[in-house]
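Close look at the chain arrangement
One letter stands for each residue in the lines below.
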Amino acid sequence: MKNIGVIIELDKGRVKEANLGMITLARAKDVKLFAFVLDKQAISVKAVLESFGITTIVEICLAKDQQNNPATRAKAMINAIKKFNISMVFGLCTAMGKDFLPRMAALLDAPLVMDCFFVDLEQKTARTYQYSGKTIATIQLSGQTLLFGIRPNAIEPVKAQEKARILKFDSSHVFAGGLRVIKSGGAEKSTAINLAEADVIIAGGRGMKNSENFNILFQCASKINAAVGASRVAVDSGWVPYSMQVGQTGEKVSPKVYIACGISGSIQHFAGMKTSGMIIAINTDENASILSNCDYYVKKDALEIIPVLTRILDNG
Amino acid sequence: MQIYVCIKHVPDSAANISIIGKNSIDENVNFLLNPYDEHALTEAARIKNNLPGTEVIAVCLGKADAEKTLRSALAMGADRGILIAKEKNYDSRVTALALKAAIEHDGKPGLIFTGKESIDEGGMQTMFRIGALFDFPVATNVVKLDIEADRAVVVCELSGGITHTYEMSLPCVMGTGRGLNTPRYPTFPDVVKSKKKPVQKIAFTDLNIKVSLAGMRVIELKPLYQARQPKEIKGDATVVAKELIRILKQEAKVL
């Protein structure tokens, strides 16, 4: 019997959708599945976690002022891993995960593969993309504790009903020196859907022409529950913030649908979105390389098409 | 203060990657400085400007031809370089051990920079491993940085524009992200000067790093093929919009 731990990411007290695919991936015969919750809400998430096969929920109780300190969280988490004899740890490769999983791996001196879209529990291998999404690498991990950062949306969630118990793991004494959180939050658009976890992304590039035109995308996005992304040109021109960039030097995303508006589709842009389920390109330039590497394309101006799309969606 | 900037020699993102054998790439393509490392070098140069007496040292674990990338770092403002020459590729655990050993041997780091990730392997963890080895605090995806007398105040970006502001004791390790600065690309005189700056070469084997069996090893590398068959949607804006809605509903099932 192997103990596998899954670190659950919450959003406003709810289990983020992306956790469910990750739990599905961590599930196997002869595996005891532990869920680790660091945000004091184990009871409210019990029902959903046990419906995906979790049998133990460990609530890690941190001191109030250490709640959002990633260094403290990592320390407390590795204590829990040792206490419950966890041999494999799964976490989401989200912005939060990128500041958390490598901290744990470093403290444990354990192997970690980030941005995995598949893990073979038997072989102890993980699959990820390398070289700007041009290759798929299978990586062999070896060591006492293995860590995996899972790409959100990479795995389809499948339910498996279990009954879970809740254990409290007091970590109120844990404290990381050297790093103190002064301020957190401060989202420019707190209602914005997270790019890495969105099912649908509507992204704008050079063809958007200016900052104001991005509102056209935001309006449409709110109708189809999409996140808004951008190409490098759009962020470098200052039309939208860097956090919206998709690509080689931006966010790597795998939504079900990626709608590219006025984006030519450079290799560097593709590096960030080529694993999308479906790519729809809207571009007036018939030589744009994205038109030959998508599922659907429209040779028209996105500034003309998107408002009409929004209007039709508005009228049901 | 001594600022160490750990840089990586990576294949150009525009290069065609072909696979040799089961798990390596044909390295006969254009290699350059990892783009995120440009932000690290630019920031180090900026700090040096404000803090006279600061020395910026670029450190690179790479094969012999990585000296070219190290020279680019010198042209971007580093005062000197250290090349830890390796014969084969290592995982991020061993990389961190080698960088730590070289830095420790060389001087007393006040700050250590890396890029927030490399564009080839994208492991996203070397900065944390260096931090753990030195027992220095670490921040990643740093988009704003202020160095004060004995502390650093950094803003790290999470997705969706959410940020965390951390106060860190010095010395500390930072993974730099886009948005921290606009890289200052070298002028012709910078390039000329960089050729005269010293680069010290150390053999990886001279660092006496114990390469343990634990770690990560690429056992297979396969090209990622795309088999998309583009179909055109024609008609006026209303026809196109209606067809897009049908596709989103019936094919992608996201509406």
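About the criteria used
Residues numbered from 1 in each chain as written. Chains lettered and ligands numbered in written order. Predicted model: local features only at pLDDT ≥ 70, side-chain atom pairs only at ≥ 80, totals over all residues. Contact = placed C-beta atoms within 7 Å. Helix = DSSP H or I, 4+ residues; strand = E, 2+ residues; numbered from the N terminus. Nonpolar A, V, L, I, M, F, W, Y, C, P; charged D, E, K, R; others polar. Buried ≥ 20, exposed ≤ 12 C-beta atoms within 10 Å, placed from the backbone. Axes fitted to C-alpha atoms, helices over the stretch in contact; angles between N-to-C directions. Parallel < 35°, antiparallel > 145°, perpendicular 65-115°, else oblique. Left-handed = near helix turned anticlockwise from the far one by under 90°. Domains from an automatic or database assignment. Pairing = 2+ DSSP bridges.

**Some points on the interface of chain B and chain A**
Taken together, the contact pairs 69 residues of chain B with 85 residues of chain A. Looking at the side of chain B that touches chain A, the elements that each hand over two or more residues are helix H1 (35-50), helix H4 (126-134), strand E9 (138-147), strand E10 (151-157), strand E11 (163-169), strand E14 (215-223), strand E15 (231-232) and helix H6 (237-251) of chain B. Split by residue class, the side of chain B that touches chain A holds 37 nonpolar, 18 polar and 14 charged.

**Overview of the environment of A:Ala281**
Residue and element names in this part refer to chain A. You can see Ala281 is positioned in strand E16 (residues 278-282). The buried category is assigned to Ala281, around which 26 C-beta atoms lie within 10 Å. In sequence terms Ala281 and Asn293 are 12 residues apart; their C-alpha atoms lie 9.1 Å from each other.

**With respect to the packing of helix H5 (residues 101-108) of chain A against H4(B)**
Viewed as axis vectors pointing N to C, H5(A) and H4(B) meet at an angle of 40°, and their least axial separation amounts to 8 Å. Of the possible angle classes, the one that applies to H5(A) and H4(B) is oblique. At the point where H5(A) passes H4(B), the crossing takes the right-handed sense. Of the residues in H4(B), those in contact with A:Pro102, A:Arg103, A:Ala106 and A:Leu107 of H5(A) are B:Phe128, B:Arg129, B:Gly131 and B:Ala132.

**Examining the domain arrangement of chain A**
Residues and elements named next belong to chain A. Domain boundaries assigned for chain A yield domain 1 (2-171) and domain 2 (195-314). Computed over C-alpha atoms, the centres of domain 1 and domain 2 are 31 Å apart. At the junction of the two partners, domain 1 supplies 11 residues and domain 2 supplies 11 residues.

**Let's talk about the sheet that holds strand E15 (residues 257-261) of chain A**
Strands sit in the order E14(A)-E13(A)-E15(A)-E16(A)-E17(A)-E15(B) across an open sheet of six strands; the sheet is parallel. Either end of the sheet is taken by a strand with one partner, and the two such strands are strand E14 (227-230) of chain A together with E15 of chain B. Note that strand E13 (residues 200-204) of chain A and E14(A) share four bridges and pair parallel. Residue pairing in the sheet places A:Ile202 in a bridge with A:Val228 of E14(A).

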